[in-house]
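Descriptive analysis of the structure
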Amino acid sequence: MGKILAICTSPRRGTLKTPVPSAVLTPEWGIVGDAHGGSWHRQVSLLSAEKIEAFRQKLWVDYGAFGENLVVEGIDFAALPIGTRFQCNDVLLELTQIGKECHSHCEIFKKMGECIMPTQGVFTRVLKGGEIAEGDELVIL
């Protein structure tokens, strides 16, 4: 079980995401108002809070700096298999991809020569929608 520490969105792709207190997720779309929503397999991105904390020992970054939608404490997402399902309130997510290749390096990579999203970030699709908020529990089913 994990705890959502931050929900981050952005209105355009290629920009930093900023924290919001809550979000509405729509089935087979993603987070309402987030640029990465759509009819594809990477609707919502998740990153372990512990991975961000470890990176912060080298360079301080705010939540959303890696382009992640959900920062969750207590779950090592990259260690889970594709197809893993998560529930938060009424929302049901399915893990569809672990990591991604960065085609144009982000600002963090340009400063540090590394970024954790390509190896530690995961992507999900929304199977069932609903509302989530900071502090809510995310359960592995």
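Here's a quick rundown of the structure.

Each value, and the rule that gives it
Residues numbered from 1 in each chain as written. Predicted model: local features only at pLDDT ≥ 70, side-chain atom pairs only at ≥ 80, totals over all residues. Heavy atoms only, no water. Salt bridge = Lys/Arg side-chain N within 4 Å of Asp/Glu carboxyl O. Helix = DSSP H or I, 4+ residues; strand = E, 2+ residues; numbered from the N terminus. Buried < 20%, exposed > 50% of the residue type's maximum accessible area, 1.4 Å probe, protein only. Patch = residues over 30% accessible without salt bridge, like charges linked within 9 Å, V, L, I, M, F, W, Y side chains within 5 Å. Areas by Shrake-Rupley, 256 points an atom, 1.4 Å probe, with all protein chains shown as cover. Pairing = 2+ DSSP bridges. Phe/Tyr/Trp six-rings, centres within 6.5 Å; stacked < 30°, edge-to-face > 60°. Core = buried A, V, L, I, M, F, W, Y, C linked by side-chain atoms within 4.5 Å. Contact = heavy atoms within 4.5 Å.

1. Thoughts on the pattern of salt bridges
Two side chains carrying opposite charge are able to pair once their charged atoms lie near each other. Applying the stated criterion across every chain yields a total of 5 salt bridges. Here Glu28 makes a salt bridge to Arg125, at a shortest N to O gap of 2.5 Å. Taken together, the positions of Glu28 in the loop between β3 (22-26) and β4 (30-31) and Arg125 in strand β9 (residues 122-128) put the pair 97 residues apart, joining distant regions of the chain. Residue classification places Glu28 among the partly exposed positions, given a relative accessible area of 37%. Between Arg56 and Glu53 there is a salt bridge, with its nearest N and O atoms 2.8 Å apart. Of this pair, Arg56 and Glu53 are both found in helix α1 (residues 49-56), 3 residues apart, which corresponds to roughly one turn of the helix. You can call Glu53 partly exposed: its relative accessible area is 34%. Within this structure, Glu28, Arg85, Glu94 and Arg125 form a network of salt bridges that share partners.

2. Some words on a nonpolar patch on the surface
Residues Met1, Val139 and Leu141 make up a contiguous nonpolar surface patch of roughly 310 Å² in combined accessible area. By secondary structure assignment, the location of Met1 is in the segment before β1 (2-9). Judged by relative accessible area, which is 62%, Met1 ranks as exposed.

3. What about the sheet that holds strand β10 (residues 130-133)?
The strand order across the open sheet built from 3 strands is β4-β3-β10, with neighbouring strands paired in antiparallel fashion. Here the strands that pair on one side only, and so sit at the sheet edges, are β4 and β10. Where β3 lies against β10, 4 bridges are found, and the strand directions are antiparallel. Each bridged residue has a counterpart across the sheet, and for Leu25 the counterpart in β10 is Gly130.

4. So, the packing of aromatic side chains
Under the defined criterion, the tally for this structure stands at 2 aromatic pairs. Centroid distance Phe55 to Phe66: 5.2 Å. Interplanar angle 85 degrees. Geometry classified as edge-to-face. With Phe55 in helix α1 and Phe66 in the loop between α1 and β6 (70-73), this pair connects stretches of sequence that are 11 residues apart. In this pair, the class of Phe55 matches that of Phe66, namely buried.

5. Some thoughts on the nonpolar core
In this structure, Leu25, Leu46, Leu70, Val72, Phe77, Ile132 and Leu138 are the most contacted members of the largest nonpolar core, which totals 21 residues. Looking at this core, the elements with two or more residues in it are β1, β3, β5 (44-48), β6, β7 (85-88), β8 (91-98) and β9. Counting residues per element, this core draws most heavily on β8, which supplies 3 residues. Discounting chain neighbours no more than four positions away, the residues touching Leu46 are Leu70, Val72, Phe77, Met117, Gln120, Gly121, Val122, Thr124 and Leu138. In this structure, Ala6, Ile52, Phe55 and Val71 belong to the second largest nonpolar core, which totals 13 residues.

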